[in-house]
Amino acid sequence: MTWVDLNADLGEGFGVWRLGDDEAMLGIVTSANVACGFHAGDPAGLLRVCQAAADRGVRIGAQVSYRDLAGFGRRFIDATAEDLRADVVYQIGALQALARAAGSTVGYVKPHGALYNTIVTHREQAAAVADAVRSMDTGLPVLGLAGSVFFEEAEKRGLRTVAEAFADRAYRPDGQLVSRREPGAVLHDPAVIAERVATMVTGGQLTAVDGSTVPVRAESVCVHGDSPGAVRIAAAVADRLRADGVELRAFC
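Residues numbered from 1 in each chain as written. Predicted model: local features only at pLDDT ≥ 70, side-chain atom pairs only at ≥ 80, totals over all residues. Heavy atoms only, no water.

1. Structural notes on the overall build of the protein chain
Piece 1. If you tally the helices and strands in the protein chain, you get eight helices and 10 strands.
Piece 2. For the protein chain, the C-alpha radius of gyration of 17 Å lies close to 18 Å, the compact-globule estimate for 252 residues.
Piece 3. Judged by the C-alpha coordinates and their principal axes, the protein chain covers about 40 × 35 × 35 Å.
Piece 4. When each of the 252 residues of the protein chain is scored for burial, the buried share is 54%.
Piece 5. A fraction of 73% describes how many contacts in the protein chain between residues 6 or more apart in sequence connect residues 24 or more apart. (Helix = DSSP H or I, 4+ residues; strand = E, 2+ residues; numbered from the N terminus. Rg over C-alpha atoms; globule rule 2.2 N^0.38 Å. Buried < 20%, exposed > 50% of the residue type's maximum accessible area, 1.4 Å probe, protein only. Contact = heavy atoms within 4.5 Å.)

2. Points about the pairing of strand E3 (residues 59–64)
When a strand is regular, its side chains alternate between the sheet's two faces.
Piece 1. The buried count for E3 comes to five of six residues, which makes it a mostly enclosed element.
Piece 2. For the crossover that starts at strand E2 (residues 31–35), traverses helix H2 (residues 43–56) and ends in the parallel E3, the hand is right-handed.
Piece 3. Relative to strand E4 (residues 106–111), E3 runs parallel, the two sharing five bridges. If you follow Gln63 over to E4, its bridge partner there is Lys110.
Piece 4. For the segment spanning E3, helix H3 (residues 81–101) and E4, crossover handedness is right-handed. (Right-handed = clockwise from strand over helix to strand, strands pointing away. Pairing = 2+ DSSP bridges.)

3. With respect to helix H6 (residues 149–156)
Every α-helix carries 3.6 residues per turn, so stepping three or four residues along brings you back to the same face.
Piece 1. When H6 is considered as a whole, its buried residues turn out to be Val149, Phe150, Phe151, Glu153 and Ala154.
Piece 2. Packed against the buried residues of H6 are E4, helix H5 (123–136), strand E5 (142–144) and strand E6 (161–166).
Piece 3. Immediately beyond the C-terminal end of H6, within one or two residues, lies Gly158, with a positive phi of roughly 80°.

4. Side note on empty space enclosed by the protein
Piece 1. Counting across every chain of the model gives one cavity of 30 Å³ or more.
Piece 2. One number sums up the size of the largest cavity: a volume of about 40 Å³.
Piece 3. As for the largest cavity, its lining consists of Pro111, Tyr116, Ile119, Val120, Leu143, Gly144, Leu145, Ser148 and Phe150. (1 Å grid on protein atoms, 1.4 Å probe; cavity = no way out; pocket = protein on both sides within 12 Å on 5 of 7 lines; lining within 4 Å. Points joined across faces, edges and corners; volume = space filled by probe spheres on them.)

5. Observations regarding the layout of surface pockets
Piece 1. There is about 580 Å³ of room inside the largest pocket.
Piece 2. Lining of the largest pocket is provided by 26 residues; of these, Gly113, Ala114, Asn117, Arg169 and Arg180 occupy positions nearest its centre.
Piece 3. Going through the elements one at a time, E4 and helix H4 (113–118) are the ones with two or more residues in the lining of the largest pocket.
Piece 4. Looking at the lining of the largest pocket element by element, the count peaks at five residues for H4.
Piece 5. Residues of the lining of the largest pocket, tallied by class, amount to nine nonpolar, nine polar and eight charged.
Piece 6. Estimated volume of the second largest pocket: approximately 240 Å³.
Piece 7. At the level of elements, helix H1 (22–26) and H2 are the ones that each hand at least two residues to the lining of the second largest pocket. (Nonpolar A, V, L, I, M, F, W, Y, C, P; charged D, E, K, R; others polar.)

6. Brief notes about the pattern of salt bridges
Any two side chains of opposite charge can pair, on the condition that their charged atoms come close.
Piece 1. The tally for this structure, following the rule as stated, stands at 16 salt bridges.
Piece 2. When the shortest N-O distance is used, the salt bridge between Arg157 and Asp131 registers 2.5 Å. Of this pair, Arg157 sits in the loop between H6 and E6 while Asp131 is found in helix H5, placing the two residues 26 residues apart along the sequence.
Piece 3. Residue Arg157 is classed as buried on the basis of its relative accessible area, which comes to 18%.
Piece 4. For Arg249, the salt bridge is made with Glu247, and the minimal N-O distance between the two is 3.3 Å.
Piece 5. Note on Glu247: relative accessible area 31%, which makes it partly exposed. (Salt bridge = Lys/Arg side-chain N within 4 Å of Asp/Glu carboxyl O.)

Here's what the structure looks like:
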C-alpha cells in the first residue's frame, strides 16, 4: 500500500497570541513540526503542544530556524556556520527537553521558513545545520526539499533525509517554492489543494506556476498550520488521500 506522512507547523503562537488551531491539526496530521522559540513559540505553549502530540500519538519534530522572532523566521540572516550550528543545537536541545517532559521525544528535524529555503542552495549554511543535527543525534532524520544541497550535506554525514512536498504552496519550474512575496504563492482552496496533493503522492508530479509539469518526491506532505483555513485544508487532503487508498503514517 502507498503511504505518506502528513505534517504541519505547530506551536507558533507566543504568549497570549495564538496562531492556528493546534489541537484540531493534531487530530489530522501524523507529524508535528514544533517551533523551538527562535521564530515563534514560548516554553509553556510549546510544552502544551508536545503534550497534546504525545497524547495523540503524533510524532514531534524540531522546527529550527534563524533567530528572528519579529520576522517569524522568514528573513534571511547571513549567520556564520559557527553561530548557525550553535543556534540549531540549542533549539533541538530545548525542544527535546520539552518533549521528554511530555513523555515523548524529538523524532526528526525540519528547518523553517527562510532557513529552509536558503539551505536548498547555500552550502555553508546547509552544512552547518547538518553538523548540528549530527552532533545531537545521528539517528535524527531531516525533513527538507529533495535535490537540495542540504540533503547532500546531510547524507554525507550519515543522516537520513526525508523528502517533503507542500500542499498549499506554489512551485517554480525548477521545483523550488514560489516566494511568499509573489502573488499566488500560497494556495487556499481545499478541493484544489487535495487534488494537487493526490497527484503529488500517487503520480509523483505537480504543475508549476508556468503550467509545466515538475517531478516531485513526497515522503511527507506539509500543510501550514498558520494558513487561513488550515484545518479544512488538512482534513480535505487527508480524506482525499485515504479515498485514493493512501495510508497516512509517520515516517519515523
